[in-house]
Amino acid sequence: METVIKVENLIKRFGNFTAVDNISFEVKKGEIFGFLGANGAGKTTVMRMLCGLSKPSSGKAIVAGFDVDKDAEEIKKRIGYMSQKFSLYEDLKVWENIKLFAGIYGVKKTDIKAKTDELLRELGFESERETYVKALPLGWKQKLAFSVAIFHEPKVVFLDEPTGGVDPATRRTFWELIYKAAEKGITCFVTTHYMDEAEYCDRVSIMVDGRIDALDTPKRLKEIYSAKNMDEVFQHLAKKAERQAD
Amino acid sequence: MNPIIAKDIKRSYGKVEALKGISFEVSKGEIFGIIGPDGAGKTTLFRILSTLLLADSGEAKIDGFDVIKDYKAIRQIVGYMPGRFSLYQDLSVEENINFFAKLFNTSLKENYYLVEEIYRHIEPFKKRRAGALSGGMKQKLALSCALIHKPSVLFLDEPTTGVDPVSRKEFWHMLKMLKAQGITILVSTPYMDEASLCNRVALIQEGSFLDIDTPENIVNKFDQEIWSANSNNMPKLLIDLRNLKEIKSAFAFGDTNHITIDKETFNKEIIEEKLKSLGHKDIILKGIKPTIEDCFMELAKK
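This structure is a prediction, so every number in the text was calculated from the model and none was measured. (Residues numbered from 1 in each chain as written. Chains lettered and ligands numbered in written order. Predicted model: local features only at pLDDT ≥ 70, side-chain atom pairs only at ≥ 80, totals over all residues. Heavy atoms only, no water.)

Visitor: What is the right way to read the overall build of chain A from this model?
Guide: Scanning chain A from N- to C-terminus turns up 9 helices and 10 strands. Taking 18 Å as the expected radius of gyration for a compact globule of 246 residues, we find that chain A reaches 18 Å, a close match to that expectation. The principal-axis extents of the C-alpha atoms in chain A amount to approximately 50 × 40 × 35 Å. A total accessible area of about 11000 Å² is found for chain A, and carbon and sulfur atoms account for 49% of it. For chain A, the distance from the average position of its 39 positive side-chain charges to the average position of its 38 negative side-chain charges is 3 Å. (Helix = DSSP H or I, 4+ residues; strand = E, 2+ residues; numbered from the N terminus. Rg over C-alpha atoms; globule rule 2.2 N^0.38 Å. Areas by Shrake-Rupley, 256 points an atom, 1.4 Å probe, with all protein chains shown as cover. Lys, Arg positive; Asp, Glu negative; His and termini not counted. Charge placed at Lys NZ, Arg CZ, Asp CG, Glu CD.)

Visitor: What exactly am I supposed to notice about the overall build of chain B here?
Guide: Check the secondary structure of chain B and you find 10 helices and 14 strands. Out of the 302 residues in chain B, the part that is buried amounts to 53%. Pairs at least 24 apart in sequence give 69% of the contacts found in chain B among residues at least 6 apart. Distance from the positive charge centre (42 side chains) to the negative charge centre (41 side chains) of chain B: 4 Å. (Buried < 20%, exposed > 50% of the residue type's maximum accessible area, 1.4 Å probe, protein only. Contact = heavy atoms within 4.5 Å.)

Visitor: How do you make sense of the sheet that holds strand S1 (residues 3-14) of chain A when you look at a structure like this?
Guide: The strands that make up a sheet are held in pairs by hydrogen bonds between backbone atoms, and each pair lies either parallel or antiparallel. Residues and elements named next belong to chain A. Across the sheet, which stays open at both edges, the 4 strands sit in the order S2-S1-S4-S5 with antiparallel pairing between neighbours. At either end of the open sheet lies a strand with only one pairing partner, and these are strand S2 (17-28) and strand S5 (66-67). The sheet contact formed by strand S4 (residues 58-63) and S5 spans 2 bridges and is antiparallel. Pairing of Val 63 across the sheet is with Phe 66, part of S5. (Pairing = 2+ DSSP bridges.)

Visitor: What should I look at first to understand the environment of Phe46(B) in this one?
Guide: Residue and element names in this part refer to chain B. Within the element layout of this structure, Phe 46 appears in helix H1 (residues 42-49). Taking the C-alpha atoms as reference points, Phe 46 and Pro 82, separated by 36 residues in sequence, lie 8.5 Å from one another. Apart from residues no more than four positions distant in its own chain, Phe 46 is found in contact with Ile 34, Tyr 80, Phe 155, Leu 156, Asp 157, Leu 186, Val 187 and Ser 188.

Visitor: Hey, could you run me through the interface of chain A and chain B in this one?
Guide: A common way to report how large an interface is uses the accessible area buried once the components associate. Tallying the contact residues gives 32 residues for chain A and 31 residues for chain B. Together, the buried faces of chain A and chain B total about 2300 Å²; carbon and sulfur atoms form 58% of this surface. Summed over the shared surface of chain A and chain B, the result is 4 salt bridges. Between Arg171(A) and Glu293(B) there is a salt bridge whose closest N-O contact spans 2.7 Å. Taken together, chain A and chain B are joined by 12 residue pairs in polar contact (both at pLDDT 80 or more). Top contributing element to the side of chain A that touches chain B by residue count: helix H6 (residues 168-183) of chain A, with 6 residues. Its residues placed into classes, the side of chain A that touches chain B shows 12 nonpolar, 8 polar and 12 charged. (Buried area = accessible area lost by both parts, 1.4 Å probe. Salt bridge = Lys/Arg side-chain N within 4 Å of Asp/Glu carboxyl O. Polar contact = N/O pair within 3.5 Å; in protein donor to acceptor, adjacent residues only side chain to side chain. Nonpolar A, V, L, I, M, F, W, Y, C, P; charged D, E, K, R; others polar.)

Visitor: It is not clear to me how the sheet that holds strand S13 (residues 256-261) of chain B should be interpreted in this structure. Could you clarify?
Guide: Residues and elements named next belong to chain B. With antiparallel pairing, the 4 strands of this open sheet are ordered in space as S12-S13-S11-S14. With partners counted over all chains shown, the strands left at the sheet margins are strand S12 (247-253) and strand S14 (284-287), one partner each. On average, each strand axis in the sheet is tilted by 25 degrees relative to the strand beside it, whichever way the strands run. Bridging between S12 and S13 involves 6 bridges; their strand directions are antiparallel. Considered in S13, the bridge of Phe 251 is made with His 258. Strands strand S11 (226-230), S12 and S13 of the sheet are contacted by helix H8 (residues 234-242), whose axis makes an angle of about 160 degrees with S12. (Axes fitted to C-alpha atoms, helices over the stretch in contact; angles between N-to-C directions.)

Visitor: So what exactly am I meant to see when it comes to the state of the cysteines here?
Guide: By definition, a disulfide links the sulfur atoms of two cysteine residues through a covalent bond. Residues and elements named next belong to chain B. Scanning the model with the defined rule gives 0 disulfides over all chains in all. Cysteine Cys 295 is unpaired, with the sulfur of Cys 198 as its nearest cysteine sulfur at 14 Å. Looking at Cys 295, the relative accessible area reads 1%, which means it is buried. (Disulfide = S-S within 2.5 Å.)

Visitor: Sorry, what's going on with the packing of helix H5 (residues 135-147) of chain B against helix H6 (residues 165-180) of chain B here?
Guide: Residues and elements named next belong to chain B. With their axes 12 Å apart at the nearest point, H5 and H6 run at an angle of 15 degrees to one another. It follows from the interaxial angle that H5 and H6 lie roughly parallel. Crossing geometry of H5 relative to H6 is assigned as right-handed. Residue-level inspection shows Gln 139, Lys 140, Leu 143 and Leu 147 of H5 in contact with H6, the latter providing Glu 170, Phe 171, Met 174 and Leu 178. A class-by-class count of the residues in the contact of H5 with H6 yields 5 nonpolar, 1 polar and 2 charged. (Parallel < 35°, antiparallel > 145°, perpendicular 65-115°, else oblique. Left-handed = near helix turned anticlockwise from the far one by under 90°.)

Visitor: Honestly, the pairing of strand S4 (residues 57-62) of chain B in this entry has me stumped. Any pointers?
Guide: Regular strands place side chains that alternate from one sheet face to the opposite one. All names here are of chain B. Taken together, the 5 bridges between strand S1 (residues 4-13) and S4 define a ladder with antiparallel strand orientation. By the bridge assignment, Lys 10 is partnered in S4 with Ser 57. Across 2 bridges, the pairing between S4 and strand S5 (residues 65-66) is antiparallel. Along S5, the bridge assignment pairs Ile 62 with Phe 65. Counting the residues in the hairpin turn of S4 and S5 gives 2 residues, including Asp 63, whose phi is positive at 50 degrees.

Visitor: Help me out: how do you make sense of the pattern of salt bridges in this one?
Guide: Where charged atoms from two side chains of opposite charge come close, those side chains can pair. Enumeration over the complete set of coordinates arrives at 46 salt bridges over all chains. Residue Lys6(A) pairs with Glu8(A) through a salt bridge whose shortest N-O separation is 3.5 Å. Between Lys55(A) and Asp69(A) there is a salt bridge, and its shortest N-O distance comes to 3.7 Å. Note that Lys55(A) is positioned in the loop between helix H1 (43-50) and S4 and Asp69(A) in the loop between S5 and helix H2 (72-78), a separation of 14 residues in sequence. Overlapping salt bridges, with partners in common, bring together Arg171(A), Arg172(A), Asp196(A), Glu197(A) and Glu293(B) in one network.

Visitor: Even after reading the chapter, I still don't get helix H5 (residues 138-149) of chain A, so can you show me in this structure?
Guide: Given 3.6 residues per turn, any residue in an α-helix points the same way as the ones three and four places further on. Residues and elements named next belong to chain A. With 12 residues, H5 ought to run about 16 Å at 1.5 Å a step, and its terminal C-alpha atoms sit 16 Å apart, in line with that. With respect to burial, H5 is a largely interior element, 9 of its 12 residues being buried. Those residues of H5 that sit buried are Gly 139, Lys 141, Gln 142, Leu 144, Ala 145, Phe 146, Ser 147, Val 148 and Ala 149. At its buried positions, H5 is contacted by strand S6 (79-83), helix H3 (94-104), helix H4 (109-123), strand S7 (156-160) and H6. (Expected span 1.5 Å × (residues − 1).)

This is the structure:
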């Protein structure tokens, strides 16, 4: 299986603070990779580097075949990004948001229209084409935001707490969208504070104080730490954290 | 008289009905949870009860004071921690807490005993700017500032949102301590698993309460039979289960699927056979007790 993210001895320092402390891992094509850690463990810093938004102090990271240090612009074309905090423009209509983001991600104008129809059909959103995003229920917004983030068929999509605050039923349908994307071969790199969602990942890594202290399938992690569920695994590892800063 | 009383509170923003008639009471020293997703109306309710927003109709009293007529008295006796970090980012930890103490004619020294358990965790960083604190420390500072004037009622709007599981546990531990001091606590959260840490909860969706009760009673009242289902192929199992007429709903729940069943037609052996013929191996079906999240999803459907 093709490797889509390859990280080797990655380090990021801010002054004399080591935010990311020599981490290495690989993520395969179509894998759902859960990227967990306590607040301040360094998750966001790693995500920013992998998205080409911040340069490593040392070490290497290859995303979608390009080096984050040298070819950040090439990476940005081949990834999608969605976070709970910023997703869509509330004052634009559904189709306008799709057109805007598709354009930013470099989808050809001629392709955008046909693909928009297809997307709205798949989501069952055809009647909402002209609706302002602010009038959509939160769950719909999140689904639309995710679909927009993978509209240009990226190699990897980074999902930063995509289900925070979402109601329980919608949270689950959202994960079904993640499964679908993964089946299409899109690698899904996900952070979450819901430990039941960690169970839905193919593999999970847990960051503590800038290091990756555990990385395996949920099943194996539970065996290794003799834990009933992923919450226990997380509590066991993250409790050791000594770091205070975010 | 109960320290928090709300009667038929309604509030709309334009055409959107944020609260559609909310009534409840909280007894002294209770931890009462308002549990529901973003956009359900939690923050609107908190803002009305803390006298920062007027309801369109309905009545609310805090410690016997009316939220409209007696808003000044209420502001003296409640502590409010909004969902968004609202302290002064450019002031230090110490300056923030001194500022809030001074607003209420008190001082950190005078009321130190109230906040000690929480404040001592951040005291080593008292010279640091609030904006430069970690998430967990900001939360502790905000809670200290909400407590410094010795409130009898505490309003905490989503204090654990976006907070990691370890810090969340710590935070709930602090709430238990405050409860022991007799403070009445109204707390909202989108995390269903936090319901069990409250004395009573209200499940809220789209501006209405679905139920108000103790977490135990909500689970015991659940009128569906619920089973857990596992096989060697969990995502496929979920889809296959949904296609069986004996099964009313199927949802992923961590490392298992939860299903509600049609009691008339459900037969464990027959379902196992059907799943086997669909290619599933290592099938495990077990009758289980529902969680609050199961209850919420079922109630939200009605």
